[in-house]
Amino acid sequence: MKKQLLIASLTLIGSLGVCYTASAAISASKHDFSGTSWTGGQICVPCHAPHNNKNDAGELLWNHTNSTATYQLYSSPTFDANGAGAANTLTFNPAGVSKFCLSCHDGTVAKDAYGSHTAAAGFVTGSSNLGTNLGNDHPVSFPYDAALATTDGFLTAPSALPTSFRLFDGKMECSSCHDVHNKYSVPGLLNASNAGSALCLTCHKK
Ligand code: HEC
Ligand code: HEC
Ligand code: HEC
Ligand code: HEC
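First, a word on what this report is: a plain description of the structure on this page.

**Describing the overall build of the chain**
Part 1: Within the chain one finds five helices and two strands.
Part 2: Element order for the chain, N to C, with α for helix and β for strand: α-α-β-α-β-α-α.
Part 3: Here the chain holds 206 residues, and the buried ones make up 31% of them.
Part 4: Of all intrachain contacts in the chain linking residues separated by at least 6 positions in sequence, the fraction that spans at least 24 positions is 54%.
Part 5: Taken as a whole, the chain presents about 12100 Å² of accessible surface, with 61% of it coming from carbon and sulfur.

Right under this line is the structure:
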């Protein structure tokens, strides 16, 4: 009897272990669409495909239809990223990996508009739909370098950031804060917990 219980609890621990591994990854996250009718049970395909994907340049084997929206960009009197004395409006349209996020999150392209799939599953809605006004969102797609940290005066130099806070071609992007594949298993698909605003304080010395 005792032996059976032991085996039962070991099995339970084993299966919990499997559950834990699964939850610390894209599987079962908000970016796992394999349970929907429109993916054929696949996880990666709405975003990446190994062949004949939608991105002619081949970047990241991107397989989702990109947005053609024109965005309203971030502007503020103290924004320094354009260089000292330059205009205070963000001059960089979302490019690279942020453009890929916005291919779903600006709410203009259907979730299942990927590959040759006929889009019918609707759009990202609610608070996850950032819309085409990016003026009310944290700025992205601008160079974040040591000079910017110096000009700002209260920014961590990019070389001193933890490795999970990645820049892409030297630029701050959505993925500098977010973990699209849920590798770190932090709520909100973040690269680090924002409890007590810890995420913000990693870059901003306030
Ligand atoms: C919801 C969209 C989405 C899904 C689903 C997705 N990815 Fe990604 N992936 C991205 C984006 C956006 C990037 C670039 C930004 C980044 O790395 O954070 C990326 C980057 C990558 C990269 C290169 C950079 C890196 O971070 O290593 C690899 C490799 C990759 N994905 C593999 C996969 C695989 C394998 C799957 C399925 C198990 C998958 N992705 C599912 C959106 C997605
Ligand atoms: C294929 C479409 C697609 C792409 C591409 C995509 N997402 Fe999402 N994302 C979704 C959907 C759908 C949801 C769920 C929305 C909801 O729950 O209403 C979601 C949810 C999220 C959430 C909320 C997570 C939570 O736990 O509440 C975040 C954050 C997020 N995405 C960030 C990103 C970032 C950053 C990128 C690019 C690196 C990206 N997404 C690319 C479709 C996408
Ligand atoms: C400076 C860091 C930062 C950047 C850059 C950033 N985000 Fe976020 N994002 C956050 C934080 C923090 C949250 C809140 C997460 C939570 O409450 O769980 C969030 C929440 C979200 C959500 C969920 C919205 C909700 O209210 O549930 C989505 C979707 C999202 N971000 C997408 C994006 C996309 C797309 C980009 C790029 C255009 C982006 N984020 C850039 C930090 C950032
Ligand atoms: C990966 C680093 C990073 C993270 C994390 C981050 N930021 Fe930023 N943030 C920046 C950079 C770089 C700028 C551009 C600073 C500038 O040009 O003045 C910026 C700009 C801003 C601005 C506009 C400053 C201005 O003068 O217009 C505000 C406000 C801000 N961030 C708040 C936040 C908050 C709140 C969080 C947490 C949710 C956060 N940031 C997380 C790097 C980061």
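Let us keep going from here.
**Focus: the coordination of the iron atom of ligand 1**
Part 1: Those protein atoms acting as donors to the iron atom of ligand 1 are His48 (NE2) and His181 (NE2), and they sit at 2.0 Å.
Part 2: Take His181: its relative accessible area is 36%, and that puts it in the partly exposed class.

**Re the coordination of the iron atom of ligand 3**
Working reference: metal with six octahedral donors, ideal angles 90 or 180 degrees; metal with four tetrahedral donors, ideal angle 109.5 degrees.
Part 1: From the protein, the iron atom of ligand 3 takes a single donor atom, His178 (NE2), 2.0 Å away.
Part 2: Assignment of secondary structure puts His178 in the loop between helix 4 (174–177) and helix 5 (198–203).

**Here we look at the site of ligand 1**
Part 1: Lining the immediate environment of ligand 1, one finds 13 residues, of which Cys44, Cys47, His48, Ser175 and His181 sit closest.
Part 2: Within the side chain of Arg166, one N or O atom sits 2.9 Å away from an oxygen atom of ligand 1.
Part 3: Residue His181 places a side-chain N or O atom 2.9 Å away from a nitrogen atom belonging to ligand 1.
Part 4: Across the shell around ligand 1, the residue classes break down as eight nonpolar, four polar and one charged.

**Thoughts on the packing of aromatic side chains**
Part 1: Applying the stated criterion across every chain, the model contains five aromatic pairs.
Part 2: Residues Trp38 and Tyr114 carry aromatic rings whose centres are separated by 6.4 Å and whose planes lie at 45 degrees to one another, so their mutual orientation is tilted. Linking Trp38 in the loop between helix 1 (2–23) and helix 2 (96–105) with Tyr114 in the loop between helix 2 and strand 1 (142–143), this pair joins segments that are 76 residues apart in sequence. One exposure class covers both Trp38 and Tyr114, and it is buried.
Part 3: Ring-pair connections join several aromatic residues into one group, and the members of that group are Phe33, Trp38 and Tyr114.

**A look at the site of ligand 3**
Part 1: Among the 16 residues in the neighbourhood of ligand 3, the closest are listed as Ser127, His138, Cys174, Cys177 and His178.
Part 2: In this structure, Ser127 approaches ligand 3 through a side-chain N or O atom, which is 3.2 Å from an oxygen atom.
Part 3: Between ligand 3 and His178 there is a distance of 2.8 Å, counted from a nitrogen atom to a side-chain nitrogen or oxygen.
Part 4: Looking at the shell around ligand 3, its residues break down into eight nonpolar, seven polar and one charged.

**Some words on the environment of Gly96**
Part 1: As for its placement among the helices and strands, Gly96 is situated in helix 2.
Part 2: Through-space distance from the C-alpha of Gly96 to that of Asp169 is 9.0 Å; in sequence the pair is 73 residues apart.

**Examining helix 2**
Part 1: Here helix 2 has its buried residues at Val97, Ser98, Phe100, Leu102, Ser103 and Cys104.
Part 2: Buried residues in helix 2 make contact with helix 4.
Part 3: Just downstream of helix 2, Gly107 is the residue with a positive phi angle, here 75 degrees.

**Observations regarding unusual backbone geometry**
Part 1: Phi angles above zero are rare outside glycine, and Ala28 is one such case at about 75 degrees.
Part 2: Relative to the assigned elements, Ala28 resides in the loop between helix 1 and helix 2.
Part 3: Even without being glycine, Leu189 reaches a positive phi, approximately 50 degrees.
Part 4: Take Leu189: its relative accessible area is 16%, and that puts it in the buried class.

Thresholds applied
- Residues numbered from 1 in each chain as written.
- Chains lettered and ligands numbered in written order.
- Predicted model: local features only at pLDDT ≥ 70, side-chain atom pairs only at ≥ 80, totals over all residues.
- Heavy atoms only, no water.
- Helix = DSSP H or I, 4+ residues; strand = E, 2+ residues; numbered from the N terminus.
- Buried < 20%, exposed > 50% of the residue type's maximum accessible area, 1.4 Å probe, protein only.
- Contact = heavy atoms within 4.5 Å.
- Areas by Shrake-Rupley, 256 points an atom, 1.4 Å probe, with all protein chains shown as cover.
- Donors = N, O, S within 2.8 Å, 3.2 Å for Na, K, Ca; no water.
- Near = heavy atom within 4 Å.
- Polar contact = N/O pair within 3.5 Å; in protein donor to acceptor, adjacent residues only side chain to side chain.
- Nonpolar A, V, L, I, M, F, W, Y, C, P; charged D, E, K, R; others polar.
- Phe/Tyr/Trp six-rings, centres within 6.5 Å; stacked < 30°, edge-to-face > 60°.

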